Amino acid sequence: MIVKLLSILTAWACSCRCRCGAESYIVDDQIGLGRTFDGIGGLSGGGATSRLLVNYPEPYRGQILDYLFKPNFGASLHILKVEIGGDAQTTDGTEPSHMHYEDDENYFRGYEWWLMREAKKRNPNITLIGLPWAFPGWVGRGKNWPYDFPDVTAYYVVSWIIGAKQYHDLDIDYIGIWNEKSFDNKYIKLLRYTLDKSGLERVKIIASDNLWEPISLYMLLDAELLNVVDVIGAHYPGTTTVMEALLTQKKLWSSEDYSTFNDDVGGGCWARILNQNYVNGRMTATISWNLVASYYEDLPFGRDGLMTAQEPWSGHYLVESPIWITAHTTQFAQPGWTYLQTIGHLASGGSYVALTDGLGNLTMVIETMTHDHSVCIRPPLPVFNVSAQTAIFNLKGTFAGLTMLHVWYSRFDFKTNKSTFFKQLDPLKVSNGSFALKLDVDEVYTLTTLNTGKKGSYPEPPGSSPFPKHYKDGFKVRNPSFTEAPNFADQTGVFEYFINMSDPGDHVFTLRQVVTQRPITWAADADQTISVIGDHTWQNMSVTCDIYIEKPNTGGVFIAGRVDKGGQSVRNAEGIFFWAFANGTYRVTNDLRGQVVLASGMSGTRAGVWHTLTLNIEGERAWGMLNGYPLWKNVTILGPEKGWAAIGTLGFEFAQFDNFSVDAS
């Protein structure tokens, strides 16, 4: 036993130094195996990060999905984690709930159902995870807390899982608690009970999608809690874990990670994370936030996805370096494979992992990322000095007889921007169970017995172009698979297609704001609802929209231009907001909160009647029209100088919009 332990420790410490100055490392499955590999994934949500993807025309939408999910093609993701929409702002927008109200169920809202189906088409074995960020207000009975009525919350979450199967034939594999918020022991146990009672024993629970602590300690002190939690999920762990989490003997996942701009620096960060999450922290799954940067870039964390697809109007998309860094692992190791115990850091910086399928196949991934170049934003990882080196690997046990390994290679060139990604090199000869590898800085190697890798490609997509300066939507042409109008990015509230059966005229098909109670929020939602659209660089514009106030006496709606903020800063958004109220008045404000009033007066607007609002912005002046007639003019704009167009409501109230148009210059 002592000899075996010394052997493992020696391997972890990178063995002994050779006479030639190279470092020697052992790769051996006979001294014991490590943890089971659970996969690499992406996260759609948290929130509305895939909002623009569904609007892409074919064939470009299918190509993007292939780069993400198709096995042995691109990222070949093993895991897709999605937000269970809660009608509230959760980073870059809101995602609609399947139950806006207690007596309301609709399992076709939003795009996450569609995305899960598309992922499953490409990889039937993909693992599906659901996690709530926010909840409709009725779940908390008016309180901003989902645990006061844990049975209601459990029912709400389990109904989403049942709906996924009943309406989309999707089996949800894991369910979370509440993203990056406090957990409640009673609720977790009740969730397990409700799952089992509903015939969902196979669905496993992840907790708590926050930090390692205090959930790990609570599990050690509570046998029942330990029993019902299957995976401890931590966010942005910095590649390390804590002793309490290891002592639970549960699966440890980095259930949200990365959050870094997806240029080559981000790709280098991702390469280090994927290896060192296991080397340092024994995490067996890593999930990127986010899956694909498919939201307006000027919203928070622009382009923080594995790839970028933010122009459905042009069809343009970018396959970024994190896609190919992901492929270095996902195309050559599958969930169910096992890490070897002989893994660790390289003597001159970097790390290596080795995995096996137990059938004689071996995959090694080696990275030599320099910290100065590959800086992760959230959180920054520990600094390791990296320099060029030669590594000698000695294959033992099952792998001692190998004579050749297939090689895939990436290299980040931060000086010339002539990087190489996921290139297949000539096979590497193994002599007497040993081979030497010269490693430069900022490189990634995959050495594998599998000859199944492929760098998929499609013809170049159309070139990048800005949002159309002349845009109209009468909400009559609609895709039945989705409930949201193309290119509108809801920031507070939910704007859905609506059929107005009471209107026999021109307003049968409209867009309706449908959230009537403040949700249990995750971020700082505004008190007003708002959906933005267009180009954040727009300065001069004319915005026109038919509006229908449904709330008598106190209801109100607006159209706006030069809206400068969204996401978690939406409540502080500034712009030019043209309000119409049910009490027959209007107001022009410089902010969404309506505190900086630029003009006001009587309008004659009222609830239950369609009106047309027009907002014109040019230079430092703005003027507005009601039903085609001037209502106010020569208002001096205090700022901002640019921003999106927008529509919205005074509060959480029903209101309808039709015949939206914007002309920008």
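Thresholds, definitions, all that
- Residues numbered from 1 in each chain as written.
- Predicted model: local features only at pLDDT ≥ 70, side-chain atom pairs only at ≥ 80, totals over all residues.
- Heavy atoms only, no water.
- Pairing = 2+ DSSP bridges.
- Helix = DSSP H or I, 4+ residues; strand = E, 2+ residues; numbered from the N terminus.
- Axes fitted to C-alpha atoms, helices over the stretch in contact; angles between N-to-C directions.
- Salt bridge = Lys/Arg side-chain N within 4 Å of Asp/Glu carboxyl O.
- Parallel < 35°, antiparallel > 145°, perpendicular 65-115°, else oblique.
- Left-handed = near helix turned anticlockwise from the far one by under 90°.
- Contact = heavy atoms within 4.5 Å.
- Nonpolar A, V, L, I, M, F, W, Y, C, P; charged D, E, K, R; others polar.
- Disulfide = S-S within 2.5 Å.
- Buried < 20%, exposed > 50% of the residue type's maximum accessible area, 1.4 Å probe, protein only.
- Polar contact = N/O pair within 3.5 Å; in protein donor to acceptor, adjacent residues only side chain to side chain.
- Expected span 1.5 Å × (residues − 1).
- Core = buried A, V, L, I, M, F, W, Y, C linked by side-chain atoms within 4.5 Å.
- Patch = residues over 30% accessible without salt bridge, like charges linked within 9 Å, V, L, I, M, F, W, Y side chains within 5 Å.
- Areas by Shrake-Rupley, 256 points an atom, 1.4 Å probe, with all protein chains shown as cover.

A few points about the sheet that holds strand 23 (residues 489-492)
Strands sit in the order 23-26-35-28-29-30-31 across an open sheet of seven strands; the sheet is antiparallel. The open sheet has two free edges, formed respectively by strand 23 and strand 31 (597-602), since each of these has just one partner strand. Averaged over all neighbouring strand pairs, the angle between strand axes comes to 20 degrees, with direction disregarded. Two elements, strand 23 and strand 26 (residues 529-533), share three bridges in a ladder whose sense is antiparallel. Residue T492 lies in a different strand from strand 26, and its bridge partner there is I530.

Quick look at the pattern of salt bridges
Applying the stated criterion across every chain yields a total of 23 salt bridges. It is possible to trace a salt-bridge network through shared partners that takes in D66, E118, K121 and R122.

Quick notes on the packing of helix 4 (residues 150-168) against helix 5 (residues 185-197)
Packing of helix 4 against helix 5 brings their axes to within 9 Å, and their N-to-C directions diverge by 45 degrees. With respect to their mutual orientation, helix 4 and helix 5 come out oblique. Helix-helix and strand crossings are classified by hand; for helix 4 and helix 5 the assignment is right-handed. Residues P150, D151, T153, A154, V157, V158 and I161 of helix 4 lie in contact with helix 5, whose contacting residues are K186, Y187, L190, L191, T194 and L195. Looking at the contact of helix 4 with helix 5 residue by residue, the class counts come to nine nonpolar, two polar and two charged.

A word on the state of the cysteines
Scanning all chains against the criterion turns up one disulfide. In this model C269 forms its disulfide with C376; the gap between the sulfur atoms is 1.8 Å. With the S-S dihedral at roughly 120 degrees, the linkage between C269 and C376 falls on the right-handed side. In this pair, C269 is assigned in helix 9 (residues 264-281) and C376 in the loop between strand 16 (362-367) and strand 17 (389-396), connecting sequence segments 107 residues apart. A relative accessible area of 0% means that C269 is categorised as buried. A relative accessible area of 2% places C376 in the buried class.

Topic: the side chain of T510
Locating T510 in the fold gives a position in strand 25 (residues 509-513). On the basis of relative accessibility, which here comes to 0%, the residue T510 falls in the buried class. Within the structure, T510 has its side chain in polar contact with the side chain of Q656 (distance 2.9 Å). Those residues in contact with T510, other than ones at most four positions away along the chain, are F475, R478, E496, Y497, F498, W610, Q656, F657 and D658.

What about helix 4?
An ideal rise of 1.5 Å per residue puts 27 Å on 19 residues; helix 4 measures up with 27 Å between its terminal C-alpha atoms. Backbone geometry just downstream of helix 4 places D169 in the positive-phi region, at approximately 55 degrees.

Some details on unusual backbone geometry
In this model, A207 is joined to S208 through a cis peptide bond whose omega is 0 degrees. The topology assignment puts S208 in strand 7 (residues 204-210). Cis geometry marks the peptide bond from W289 to N290, where omega comes out at 5 degrees. Non-glycine residue T239 carries a positive phi angle of around 75 degrees. In this fold, T239 is placed in the loop between strand 8 (231-235) and helix 8 (243-247). Overall, T239 belongs to the buried group, its relative accessible area being 2%.

Some words on the nonpolar core
Core analysis: the largest hydrophobic core is formed by 175 residues, its most contacted members being F69, L80, I175, I177, I188, L191 and F660. A total of eight residues in this core trace back to one element, the largest contributor, which is helix 4. If you look at the next biggest cluster of nonpolar residues, it comprises 24 residues, including L340, L346, Y352 and F399.

Considerations on the sheet that holds strand 1 (residues 23-28)
Backbone hydrogen bonds are what pair the strands of a sheet, in a parallel or an antiparallel way. Read across the sheet, three strands follow the order 1-17-20 without closing on themselves; strand pairing throughout is mixed. Each end of this open sheet is capped by a strand with a single partner; those strands are strand 1 and strand 20 (434-439). Within this sheet the neighbouring strands show an average axis-to-axis angle of 25 degrees, counted without direction. Judged from the six bridges that link them, strand 1 and strand 17 form a sheet pairing that is parallel. Bridged to D28 within strand 17 is K396.

Some words on a nonpolar patch on the surface
A cluster of nonpolar side chains, namely L217, Y218, L220, L221, M243 and L247, defines an oily patch on the protein surface of about 610 Å² accessible area. Of all the secondary structure elements, the ones that give two or more residues to the nonpolar patch are helix 6 (215-221) and helix 8. Element by element, the count of residues in the nonpolar patch is highest for helix 6, at four residues. Mapped onto the elements of the fold, L247 is located in helix 8.

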